[in-house]
Amino acid sequence: MHRVFVYGTLKTGEPNHHWLTSKNNGYSKFLGNAHTIEKYPLIIATKYNIPFLLYSPGNGDIIKGEVYEVDEAMLANLDVLEDHPNYYIRDLYTVNLDSNQDANGECWIYFLKTFDEELLNKAKFSCYSSSGDHGLPYIDRSNRDINYMLRWKQKYLKN
Ligand code: PCA
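Keep in mind the model is a prediction, meaning the values are calculated, not measured. (Residues numbered from 1 in each chain as written. Predicted model: local features only at pLDDT ≥ 70, side-chain atom pairs only at ≥ 80, totals over all residues. Heavy atoms only, no water.)

1. Observations concerning unusual backbone geometry
Put simply, His84 and Pro85 share a cis peptide bond, and its omega is 5 degrees. Within the fold, Pro85 resides in the loop between helix 2 (72–82) and strand 6 (89–97). Even without glycine at this site, Thr46 takes up a positive phi of about 70 degrees. As for its position among the elements, Thr46 is in the loop between strand 3 (42–45) and strand 4 (50–53). Residue Thr46 is classed as buried on the basis of its relative accessible area of 12%. Of note, the phi angle at Asn49 is positive, near 55 degrees, even though the residue is not glycine. Its place among the elements puts Asn49 in the loop between strand 3 and strand 4. (Helix = DSSP H or I, 4+ residues; strand = E, 2+ residues; numbered from the N terminus. Buried < 20%, exposed > 50% of the residue type's maximum accessible area, 1.4 Å probe, protein only.)

Here's what the structure looks like:
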């Protein structure tokens, strides 16, 4: 079994949560609300308002999210959704569970690792919601222009 810390559209009530709960994608079990130990910048970027956690420890805020236990099949399906390793890179980090400290442990987190510094100038959040008062609702992949996304990637992700 694996653990994953989700901070964006996979959280309860957010636009991709159904991926985590669909039995067709594999097994998942909610373990609790959690927060990162380090601060990181959580931004919303692209014209499709996609949340990204930038791997820049010490910058930004302690991030609030949710921890799930998932099986190999679910993790593989989350990688499809997040387009790991093309956009997000999944890596293991320790997080703190709010309610059950005994269950603290290493979780997979999806980060952007090789990004243009310009992204650090964007507004930073500690707790993401697509419907937050930032007014930047998430736009699903099926409604995106692939060429725009490729250009965005060439400009802002240096890998
Ligand atoms: N989904 C993943 C990464 C960003 C996103 O929208 C998550 O919720 O953690």
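2. So, the site of the ligand
Neighbouring the ligand are the residues Val6, Tyr7, Gly8, Thr9, Leu10, Pro51, Glu82 and Tyr88. Measuring from an oxygen atom of the ligand, one finds a side-chain N or O atom of Thr9 at 2.7 Å. The contact in question runs from a nitrogen atom of the ligand to an N or O atom on the side chain of Glu82, over 2.9 Å. When the ligand is considered free in solution it has 260 Å² of accessible area, and contact with the protein chains removes 99% of it. According to the grid-proximity analysis, the pocket containing the ligand is the largest pocket. (Near = heavy atom within 4 Å. Polar contact = N/O pair within 3.5 Å; in protein donor to acceptor, adjacent residues only side chain to side chain. Areas by Shrake-Rupley, 256 points an atom, 1.4 Å probe, with all protein chains shown as cover. 1 Å grid on protein atoms, 1.4 Å probe; cavity = no way out; pocket = protein on both sides within 12 Å on 5 of 7 lines; lining within 4 Å. Sits in = over half its atoms within 2 Å of the grid points.)

3. Some details on the pattern of salt bridges
Using the criterion set out here, one finds three salt bridges in the structure. Between Lys113 and Asp91 there is a salt bridge whose closest N-O contact spans 2.3 Å. Remark: Asp91 occurs in strand 6 and Lys113 occurs in the loop between strand 7 (105–111) and helix 3 (146–156); sequence separation between them is 22 residues. Given the relative accessible area of 26%, Lys113 is considered partly exposed. Look at Asp91 and you get partly exposed, because its relative accessible area is 27%. For Asp116, the salt bridge is made with Lys158, and the minimal N-O distance between the two is 3.2 Å. One end of the pair, Asp116, is in the loop between strand 7 and helix 3; the other, Lys158, is in the segment after helix 3, and 42 residues separate them in sequence. (Salt bridge = Lys/Arg side-chain N within 4 Å of Asp/Glu carboxyl O.)

4. Observations regarding the packing of aromatic side chains
The full count for this structure, using the stated rule, is 11 aromatic pairs. Taking the centre distance of 5.2 Å and the plane angle of 90 degrees together, the rings of Tyr55 and Phe111 count as edge-to-face. Note that Tyr55 is positioned in the loop between strand 4 and strand 5 (61–70) and Phe111 in strand 7, a separation of 56 residues in sequence. Counting every residue linked through ring pairs, the aromatic cluster contains Phe52, Tyr88, Tyr110, Trp152 and Tyr156. For Lys153, the ring lying beneath its charged end belongs to Tyr87, and the centroid distance is 5.4 Å. (Phe/Tyr/Trp six-rings, centres within 6.5 Å; stacked < 30°, edge-to-face > 60°. Lys NZ or Arg CZ within 6 Å of the ring centre and 35° of its normal.)

5. Thoughts on the side chain of Glu14
With respect to the secondary-structure elements, Glu14 resides in the loop between strand 1 (2–6) and helix 1 (17–21). Buried and unpaired, Glu14 has Lys11 as its nearest opposite-charge partner, separated by 5.5 Å. Within polar-contact distance, the side chain of Glu14 engages the backbone nitrogen of Ser130 at 2.7 Å. Apart from the residues within four sequence positions on either side, Glu14 is in contact with Gly8, Thr9, Tyr128, Ser129 and Ser130. (Lys, Arg positive; Asp, Glu negative; His and termini not counted. Contact = heavy atoms within 4.5 Å.)

6. Remarks on the state of the cysteines
Per the counting criterion, the structure on display carries zero disulfides. Distance from the sulfur of Cys107, which forms no disulfide, to the nearest cysteine sulfur (Cys127) is 16 Å. Owing to a relative accessible area of 43%, Cys127 belongs among the partly exposed residues under this scheme. (Disulfide = S-S within 2.5 Å.)

Shape descriptors only; they carry no functional weight alone.
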